[in-house]
Amino acid sequence: MNLFFDIEMINMNPSLFTKINKFLRSYRPAFSSDNNCTYYHENNYLEISFDNGQCTNDLYGLCTMCDYGISSIKTNVLDFINDMKKIYYSFPEEITSLMLCTNGSFLDDRQLPEEFQRKILAEANKLPCKTILLETHYNTVTKKKLHLISNILVSKKVKIEMGLETTSPLYQNYILNKPINLSKFEDTILQILKYDFTPSVNILVGLPLLNIKEQINDAVQSIEWCIRRKTEIVLFPLNIKPYTLVFHLYQKKIIQPISQWLLIYVLTLIDERYLDRIDLAYWGNRKDSSDDEKIIFPQCCTICENEIINFYNNYSRKKTWIERKNLLNEIIMSTKCQCFNNIKKQAENTQNDNNIYDRLSFVYKYLESEFKGELY
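These notes cover the structure that comes with them. All values derive from a computational prediction rather than experimental measurement. The written sequence of each chain sets the order in which its residues are numbered from 1. With pLDDT at 70 or above as the cut-off, local features in this predicted model cover only qualifying residues; side-chain atom pairs require 80 or more to be listed or tallied, and sums for whole chains, interfaces and linings still use all residues. Processing note: side-chain calculations cover all non-hydrogen atoms of the structure and skip hydrogens and water entirely.

1. Here we look at the pairing of strand 3 (residues 97-101)
The classification of residues rests on relative accessible area computed with a 1.4 Å probe and restricted to protein chains. Under 20% of the type maximum is buried, over 50% is exposed, and intermediate values are partly exposed. Secondary structure elements follow DSSP: runs of H or I of four or more residues count as helices, runs of E of two or more count as strands, with numbering from the N terminus. Most of strand 3 is tucked away: five of the five residues are buried. Burial of the side chains of strand 3 extends over both faces: Ser97, Met99 and Cys101 are buried on one face and Leu98 and Leu100 on the other. Here strand 2 (residues 45-50) pairs with strand 3 via five bridges, running parallel. By the bridge assignment for strand 3, Tyr45 is matched with Ser97. In this scheme, strands are said to pair when DSSP sees at least two bridges between them. Where strand 3 and strand 4 (residues 131-135) come together, four bridges link them in parallel fashion. Paired with Leu98 across the bridge in strand 4 is Ile132. Clockwise travel from the first strand over the helix to the second, with the strands pointing away from the viewer, marks a crossover as right-handed. Of the crossover connections in this fold, the one passing from strand 3 over helix 5 (residues 114-126) to the parallel strand 4 is right-handed.

Given below as structure tokens:
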């Protein structure tokens, strides 16, 4: 099937999603101007976000599933640095891994000036943690930036975490509205490896508008692509966030929340020897929306809810693939509900008679009609 021919035939234009994203986000409140940094802490891992301005993709109306929010523009990097040190030393236990990010891309000079990046990295290098992770868009990772990082973080193990979501150009462009050049993404991975840094890639599990079989196949294929390129992987189950196009589709009952067991089922399909390279995030353990409206996390029944929470908490503590494989076997064998079996049956029995192109064409036509006259 010729992708470009089919897209042209059914007349899907990603610019429609861009316009709707901007329209929906125009109602979104900004972060409180009192906050310099936000953070998340789990075991020996600490994530500090230097909230500043707006993600470039967000500004352009890209990414149907994201809401990093808008923050005030900070002019004094010392405020960030002082907050970082205050947060870091507020935890009595040892912090082994420190993630530095912003409400977008840490290495994006338009969002976080390079002077800020330099000074924050220099101060972070003095902290006693062993590993520093930088979360950023792949197109902000340049040879110049990698050289800068290597000269400053001289005493740390460095990881660069980048969002890929899926290796499917169709899904990237016409569902997520997050165009990524896969060849350039791969080149970026190679450049990171040349500096002896570790590339880490985010993969989204449960892409909207796909049926369960398609969601599983896409996640597995994307994970295996990363494994072949020697990256670490962070799996993000779909969160349905306010002021996003995905949230609007949820409100219109076009999509539904995914099951917590979808992520677990995907893990069972991966070569067990690579489980130690796969971490899990945003399964319902934290909130990064710009307001107090409820994020719709992956769902499960009341019978297995505690099992799921315990699984995620234990998975992050287990570091070897054998431990994680045993944990997977344990939750599957011990569960007392039918949630996992339901996912498995749907994965095995789902028919592709409702063609993905037909589904996408319907959604584009529906949204074009709904927002007619409201978009600029």
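2. A word on the sheet that holds strand 4
Read across the open sheet, the eight strands follow the order 1-2-3-4-5-6-7-8; overall the sheet is mixed. Pairing within the sheet leaves two strands with one partner each, and these edge strands are strand 1 (37-42) and strand 8 (278-280). Strand-to-strand twist across the sheet, computed as the mean angle between neighbouring axes with direction ignored, equals 25°. The pairing of strand 4 with strand 5 (residues 157-165) spans five bridges and is parallel. Across the sheet, Glu135 pairs through a bridge with Glu161, a residue of strand 5. Working rule for contacts: check all heavy atoms of both residues, and any pair within 4.5 Å makes them a contact. Simply put, an axis is a line fit to the C-alpha atoms, just over the touching stretch for a helix, and the angle between two N-to-C directions goes from 0 to 180 degrees. Of the strands in this sheet, strand 2, strand 3 and strand 4 are in contact with helix 5, which crosses strand 3 at around 170°.

3. Structural notes on the layout of surface pockets
Unfilled space is identified by rolling a water-sized probe across the atoms. Buried and open spaces are told apart on a 1 Å grid over the protein atoms alone, a cavity being a set of points where a 1.4 Å probe fits but cannot get out and a pocket being an open set with protein on both sides within 12 Å along at least five of seven lines. Residues with an atom within 4 Å of a point are the lining residues. Grid points are joined across faces, edges and corners, and a volume is the space filled by probe spheres set on the points. One number sums up the size of the second largest pocket: a volume of about 430 Å³. Mapped onto the lining of the second largest pocket, the elements with two or more residues apiece are helix 9 (212-228), helix 11 (260-268), helix 14 (339-349) and helix 15 (356-370). Only Asp, Glu, Lys and Arg are considered charged, only Ala, Val, Leu, Ile, Met, Phe, Trp, Tyr, Cys and Pro nonpolar, and every remaining residue, Gly among them, polar. In the lining of the second largest pocket, the residues fall into 17 nonpolar, nine polar and one charged.

4. A short note on the packing of aromatic side chains
For this analysis, a ring pair means two rings from Phe, Tyr or Trp (six-membered ring only for Trp) whose centres lie within 6.5 Å, classed as stacked if their planes differ by under 30 degrees, edge-to-face if by over 60, and tilted for the remaining angles. Within the structure shown, the criterion is met by 19 aromatic pairs. Centre to centre, the rings of Phe50 and Phe80 are 5.4 Å apart; their planes meet at 85°, and the pair counts as edge-to-face. Taken together, the residues Phe50 in strand 2 and Phe80 in helix 4 (residues 77-88) connect sequence positions 30 residues apart. Take Phe80: its relative accessible area is 0%, and that puts it in the buried class. A ring pair is formed by Phe80 and Phe116, whose centres lie 6.1 Å apart and whose planes are at 75°; its orientation type is edge-to-face. One end of the pair, Phe80, is in helix 4; the other, Phe116, is in helix 5, and 36 residues separate them in sequence. Overall, Phe116 belongs to the buried group, its relative accessible area being 5%. The rings of Phe50, Phe80, Phe106 and Phe116 are connected pair by pair, giving a single aromatic cluster. One cation-aromatic arrangement involves Lys241 over Tyr282; the distance from NZ or CZ to the ring centre is 5.6 Å. Sitting above the plane of the Tyr40 ring, Arg286 keeps its charged end 4.1 Å from the centroid. Here, a charge over a ring is recorded when the distance from Lys NZ or Arg CZ to the ring centre is within 6 Å and its angle to the ring normal is within 35 degrees.

5. A short note on the pattern of salt bridges
When a carboxyl oxygen of Asp or Glu lies within 4 Å of a side-chain nitrogen of Lys or Arg, that pair is called a salt bridge. Applying the stated rule across the entire model yields 20 salt bridges. Across the pair Glu123 and Lys126 runs a salt bridge, and its minimum N-O distance is 3.2 Å. With Glu123 and Lys126 both in helix 5, this residue pair falls three residues apart, about one helical turn. Overall, the relative accessible area of 18% leaves Glu123 in the buried class. The exposure class of Lys126 is exposed, given its relative accessible area of 60%. With its nearest N and O atoms 3.0 Å apart, the salt bridge here joins Arg324 to Asp279. A residue pair is termed long-range when its members are at least 10 positions apart, and Arg324 in helix 13 (residues 321-334) and Asp279 in strand 8 qualify at 45 residues. Since its relative accessible area comes to 1%, Arg324 is described here as buried. Overlapping salt bridges bring together Asp109, Glu114, Arg118, Lys144 and Lys145 as one network.

6. Description of helix 15
Structural remark: α-helix, 3.6 residues per turn; residues separated by three or four positions point the same way. Across its 15 residues, helix 15 extends 21 Å between first and last C-alpha, which sits within 8% of the 21 Å expected from 1.5 Å per residue. Among the residues of helix 15, Ile356, Tyr357, Arg359, Leu360, Ser361, Val363, Tyr364 and Leu367 are the ones counted as buried. With a side-chain oxygen lying 2.7 Å from the backbone nitrogen of Tyr357, the N-terminal cap of helix 15 falls on Asn355. What a helix is expected to span follows from its residue count: subtract one and scale by 1.5 Å. Whenever two N or O atoms come within 3.5 Å, that pair is a polar contact, provided that in protein one can donate a hydrogen and the other can accept it, and provided that, for residues adjacent in sequence, both atoms are side-chain atoms.

7. Here's the deal with the packing of helix 9 against helix 14
Where helix 9 meets helix 14, the closest approach of the two axes is 7 Å, and the angle between their N-to-C directions is 90°. Relative to helix 14, the element helix 9 is oriented roughly perpendicular. Taken together, the residues of helix 14 that come into contact with helix 9 (itself represented by Ile212, Lys213 and Ile216) are Ile343, Gln346, Ala347 and Glu348. Note that the term roughly parallel is reserved for angles under 35 degrees, roughly antiparallel for angles over 145, roughly perpendicular for angles of 65 to 115, and oblique for everything else.

8. Structural notes on the side chain of Gln111
Residue position: Gln111 is located in the loop between strand 3 and helix 5. Of note is the side chain of Gln111, whose polar atom sits 3.0 Å from the backbone oxygen of Asn103. For Gln111, the contacting residues outside a window of four places in its chain are Asn52, Gly53, Gln54, Cys55, Thr102, Asn103, Gly104 and Ser105.

The analysis is restricted to geometry; functional conclusions fall outside its scope.
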